[in-house]
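Report on the structure
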Protein chains: 2
Amino acid sequence: VKATILAIGDEIVGGLTIDTNSGFLSQLLRGAGVEVDGFVSVPDEEPLIERALRFALARADLVVTTGGLGPTADDLTTACVSTLAQRPLELHESSLRAIEQRFRDRGVEMPPNNRKQAMMPAGAEVLPNPDGTAPGFICPVEVDGRRAHIASFPGVPREMRGMAEASLIPWVVRAGGGQQFGSRVFSTFGLSESRLDELLEGAISPTEARVSFRAAFPRLQVRLNVSGGSADEVDQRLNELDARVRDRLGKHIYAVGDEGMEETVGRLLRQRGLTLALAESCTGGLIGHRITDVPGSSEYLLLGIVAYSNEAKRSLLHVPPDLIEVHGAVSEETVLAMARGAREAAGADIGLATSGIAGPGGGSPDKPVGTVCIALKWEGGEWAKRFQLGERSRGWVKEMTAQIALDRLRRLLIDTF
Amino acid sequence: VKATILAIGDEIVGGLTIDTNSGFLSQLLRGAGVEVDGFVSVPDEEPLIERALRFALARADLVVTTGGLGPTADDLTTACVSTLAQRPLELHESSLRAIEQRFRDRGVEMPPNNRKQAMMPAGAEVLPNPDGTAPGFICPVEVDGRRAHIASFPGVPREMRGMAEASLIPWVVRAGGGQQFGSRVFSTFGLSESRLDELLEGAISPTEARVSFRAAFPRLQVRLNVSGGSADEVDQRLNELDARVRDRLGKHIYAVGDEGMEETVGRLLRQRGLTLALAESCTGGLIGHRITDVPGSSEYLLLGIVAYSNEAKRSLLHVPPDLIEVHGAVSEETVLAMARGAREAAGADIGLATSGIAGPGGGSPDKPVGTVCIALKWEGGEWAKRFQLGERSRGWVKEMTAQIALDRLRRLLIDTF
């Protein structure tokens, strides 16, 4: 199966919205063994939508569209598909009832123009939308003697993603004769892509799975795509490969799936019943921000101190002034004193501290921009290390420092507690 | 002038990289009066690149491509343009020397395959790349009797942006007969798009400027595009319109251009020689993170305390325990005590505090998810307010609370200091 992905909307072609739907759909379809030959984006104009559909259908067996399914006059996708497929629009009763129900749930009456969203090309398979008013559809179409299908989804990413996973992929599997597929993603940190590639060499043959890497700074993901056979066979194969990947990559894998490092750390803290206090200098609150992005983090995060001034380091974290004078604010000695101070101030099990030169100013030949120190203090032990991250942007140094700090905390929780 | 934008690269069509180049170019071109009729993305495959170019050239006067200008075998853009334009590749001597110089500056010899990057279609205008090895070009092309141009840029956003601003736009202006253009962006906060639209009604006629809105949560931008006349006339027109926009929107404009609220606040603090201390509960460090994203923020940010636990609110911020018991942690009274405590602990001029229920848990009928309190304390005054932001996602509540808090700090700095 060959597919082209078409994003429809003035806001995309105007550069006001970045299209993330097409990339998502491409990954989803490729995981199911579909070849994606390109993306097209067009504004909300009937001739341009039809022209793009014809261009795509000259080559693709499946065109997946996003956007243009709303209730207003500039939502034109369904009408264009109906014209191209020569299938007149018909009212889809159960969709209309679902839309009416959504409005009723919010205590308002359905505006008359939302009825348009229940009009579907005759003979199309309708795809329900549990998160919005616009249902999608998969419509057979014949253009210039070629038979193909157009699958249309709303442009709101949250709605589209759920619907595509629930409806499009099973359709692709049926169209492909029932061959199942599956994928597994490992989130890693601390190794480069080429090093990951080296470590995995010979572990997985190309006939067993397609292995791909995805850099999503600061993490790096390894993805296995498996296809063919029954659902049970696919599962069994993934579990076998999972063991081999873990054997090669070990603790560099911090999560299976898209979980962020802050979620992994939160889970480990909660499992072990431990509490945390932070003293952030160069990260400026970013570690606290990430940790508190996780619901329920108030159970384990007691305190964070953004000790940007030396005075704050002294008065709140009780860092001895002579320590800063002798070793400097960016030193293993000072950052360790900060970790101790935060832990004591909060009465927490673990103290985590960062200090560094995020730039662009503040560097010296001895301690250039990108010099950062990270420390951990716990009952019966402590750890501190200086890193040279290189003269990168301020934002990059902050992000990387936060990620290293969370990763070291993760490793401490696994190895020591 | 009609333009189509073509992004070339396996990583884009594979969904591994999100294409931000096309949106950037679209905004740039529209600002110069060019109509952008769509985007296309194709993998690094010659037949698919040529097919996409032909599709675009059937309608567009200008096709702008990004990507595929590297030195490796799968970089095919220049070869495809050469074939389509029937203009053989020729060595461009000064580009070759520039590439060699780049390698020499880094103390290494140029690998032989980088010579490929200096091969240009005969008669193309070469666009130098100050930030990388790949020069770009603008090449005349005639397909099916239509004359048009293909402008090709590297795919690295930083390189492409500088080159497009320096070379493409002057070319468009020349192609359009020397008509100049200009734009101005106002970053606003606190009003909805429809309210902004209302306030601006009648202020600017469509013949004077194109007015557009861009939601970039949590900010909302108003953009004026002006075209026609000399550069001086364009400037003068923009200044006239600027005064009218300011008259209508007043303090809701926090910056001209893309400046973030944290930059505006930093500038105001620095100008007034004031220092700041933060006490963050529901924002969890996000305000500190944003403030410290600005270089030099250590001059005015003395301290941030992420007082997630009530114990931390008591011991470090000296919030009286009975205050929390009577009014709750999320109350104007408690958040004001936090602002006072942070200010005193740091010896800062201004204390800023947040407390709220970010969800998904922790809500009650009296204080549902999205209830947040913000306070400011300064010499001789204080302010606190409760907001109902609605039951949105945890991340949204955090972002919106941080933005409101920074905006209130900005207004205090303007009105009182």
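Keep in mind that this is a model prediction, so the values were computed, not measured.

Time to look at the relation of the copies chain A and chain B. Of the transformation placing chain A onto chain B, the axial shift is 0.3 Å and the rotation is 180°, giving an RMSD of 0.5 Å. Such a combination of turn and shift is consistent with a two-fold rotation axis. Of all interface residues in chain A, 100% are interface residues in chain B too; the two copies therefore contact each other through one and the same surface.

Another point: the pairing of strand β1 (residues 2–8) of chain B. Residues and elements named next belong to chain B. Counted residue by residue, β1 has 6 buried out of 7 residues, so it is predominantly covered. Sheet analysis places β1 next to strand β3 (residues 62–66), joined by 5 bridges and oriented parallel. Across the sheet, residue T4 finds its bridge partner in β3, namely V63.

For an interface, size is often stated in terms of accessible area lost upon the parts coming together. Counting residues at the interface gives 57 residues for chain A, matched by 58 residues for chain B. Carbon and sulfur atoms supply 59% of the area buried between chain A and chain B, which totals about 4,600 Å² over both sides. Three residues stand out in chain A for area buried against chain B, namely R51, F55 and Y308 of chain A, and they jointly supply 14% of the buried area on that side. Seen at the junction of chain A and chain B, the total is 2 salt bridges. Between K398 of chain B and D293 of chain A there is a salt bridge, with its nearest N and O atoms 2.9 Å apart.

Together, D10, E11, E45 and D74 of chain A together with E35 of chain B make up a region of like negative charge exposed at the surface. In this structure, D10 of chain A sits in helix α1 (residues 10–13).

It is worth spelling out the packing of helix α2 (residues 21–31) of chain A against helix α6 (residues 157–175) of chain A at this point. Residues and elements named next belong to chain A. The geometry of α2 relative to α6 is characterised by a closest axis approach of 11 Å and an angle of 25° between their N-to-C directions. With respect to α6, the axis of α2 lies roughly parallel. The handedness of the crossing between α2 and α6 is right-handed. Across from N21, F24, L25, L28 and L29 in α2, the residues of α6 making contact are P157, M160, R161, A164, E165, L168, I169 and V172.

Right, let's get into the environment of V185 of chain A. Residue and element names in this part refer to chain A. By secondary structure assignment, the location of V185 is in strand β9 (residues 181–188). Exposure remark for V185: the relative accessible area of 14% places this residue in the buried category. With 39 residues separating them along the chain, V185 and L224 place their C-alpha atoms 6.4 Å apart. Every residue in contact with V185, bar those within four places of it in the chain, is listed here: Q221, V222, R223, A255, V256 and G257.

Quick look at the pattern of salt bridges now. Residues and elements named next belong to chain A. Scanning the entire structure with this criterion turns up 41 salt bridges over all chains. In this structure, R246 engages D242 in a salt bridge whose closest nitrogen and oxygen atoms are separated by 2.6 Å. Placement of both R246 and D242 in helix α8 (residues 231–249) is noted, with a separation of 4 residues, approximately one turn of the helix. Taking relative accessible area as the criterion, D242 reaches 10% and is therefore assigned buried.

A separate point is the confidence of the model for chain A. Across chain A, the average pLDDT comes to 93, with 100% of residues at or above 70. Overall fold confidence for the complex sits at a pTM of 0.81, while the interface term, ipTM, reaches 0.79.

Turning our attention to the sheet that holds strand β1 (residues 2–8) of chain A. Read from one edge of the open sheet, 12 strands run β6(A)-β7(A)-β8(A)-β3(A)-β1(A)-β2(A)-β2(B)-β1(B)-β3(B)-β8(B)-β7(B)-β6(B), paired in mixed fashion. This sheet does not close on itself; its edge strands, each paired only once, are β6 (125–127) of chain A together with β6 (125–127) of chain B. Looking at each pair of strands side by side, their axes are set apart by 20° on average, direction ignored. In terms of strand pairing, β6 of chain A meets strand β7 (residues 136–143) of chain A through 3 bridges, oriented antiparallel.

Moving on, we get to the packing of aromatic side chains. One pass over the structure, following the stated rule, counts 1 aromatic pair over all chains. Ring centres 4.0 Å apart and planes at 20° place the aromatic pair F55 of chain A and F55 of chain B in the stacked group. Note that F55 of chain A is positioned in helix α3 (residues 46–57) and F55 of chain B in helix α3 (residues 46–57), a pairing that runs across two chains. Relative accessible area serves as the criterion here: at 13%, F55 of chain B is assigned to the buried category. Positioned above the aromatic ring of F55 of chain B, the side-chain terminus of R51 of chain A is 4.1 Å from the ring centre. Here R392 of chain B stacks its cationic end above the ring of W396 of chain B, 4.1 Å away from the centre of that ring.

To continue, consider the environment of E259 of chain A. Residues and elements named next belong to chain A. Its location among the elements puts E259 in the loop between β12 (253–256) and α9 (261–272). Sequence separation between E259 and L25 is 234 residues, and the spatial gap between their C-alpha atoms is 20 Å. Each residue touching E259, except ones within four places of it in the same chain, is listed here: S187, R219, Y254, T264 and R267.

Parameters at a glance
- Residue numbers restart at each chain and count upward from 1, following the sequence in its written direction.
- Here every chain gets a letter starting at A, and every ligand a number starting at 1, in the order they are written.
- Residue-level local features of this predicted model are given only where pLDDT is at least 70; pairs of side-chain atoms are given and counted only at 80 or more, and the full residue set underlies all totals for whole chains, interfaces and linings.
- Here the side-chain values reflect all heavy atoms present in the structure, with hydrogen atoms and water set aside.
- Copies overlap after least-squares fitting; the atoms used are the C-alpha atoms of residues with pLDDT of at least 70 in both.
- Residues are treated as being in contact if the distance between any of their heavy atoms lies within 4.5 Å.
- Residue burial is assigned from relative accessible area. The probe radius is 1.4 Å, only protein chains are included, and a residue is buried under 20% of its type maximum, exposed over 50%, and partly exposed in between.
- Under the scheme used here, helices are H or I runs from DSSP no shorter than 4 residues and strands are E runs no shorter than 2 residues, and both carry numbers assigned from the N terminus.
- The pairing criterion is simple: DSSP has to find at least two bridges between the two strands.
- In short, buried area is how much 1.4 Å probe accessible area vanishes from two parts on joining, totalled over both.
- Salt bridge criterion: a side-chain nitrogen from Lys or Arg within 4 Å of a carboxyl oxygen from Asp or Glu.
- Patch definition: residues above 30% relative accessible area lacking any salt bridge, with like charges linked at up to 9 Å and the nonpolar side chains Val, Leu, Ile, Met, Phe, Trp and Tyr linked at up to 5 Å.
- Note on areas: these come from Shrake-Rupley sampling with a 1.4 Å probe, and a residue is covered only by the protein chains present in the view.
- For the purpose of charge, His is not counted, nor are the chain termini; Lys and Arg are scored as positive and Asp and Glu as negative.
- Note on charges: their place is set at NZ of Lys, CZ of Arg, CG of Asp or CD of Glu.
- Angular values range over 0 to 180 degrees, each being the angle between N-to-C directions of two axes fitted as lines to C-alpha atoms, with helices fitted over their stretch in contact.
- Geometric relationships in this document are graded by angle, where less than 35 degrees denotes roughly parallel, more than 145 denotes roughly antiparallel, 65 to 115 denotes roughly perpendicular, and other angles denote oblique.
- Note on convention: near helix rotated counterclockwise from far helix by under a right angle means a left-handed crossing. Clockwise means right-handed.
- Confidence of the prediction at every residue is given by pLDDT, a number between 0 and 100.
- Note on aromatic pairs: the rings of Phe, Tyr and Trp (six-membered ring only in Trp) are paired at centre separations within 6.5 Å, and the planes decide the class, stacked below 30 degrees, edge-to-face beyond 60, tilted for the rest.
- As a reminder, the over-ring test applies to NZ of lysine and CZ of arginine, requiring each to be within 6 Å of the ring centre and within 35 degrees of the ring normal.

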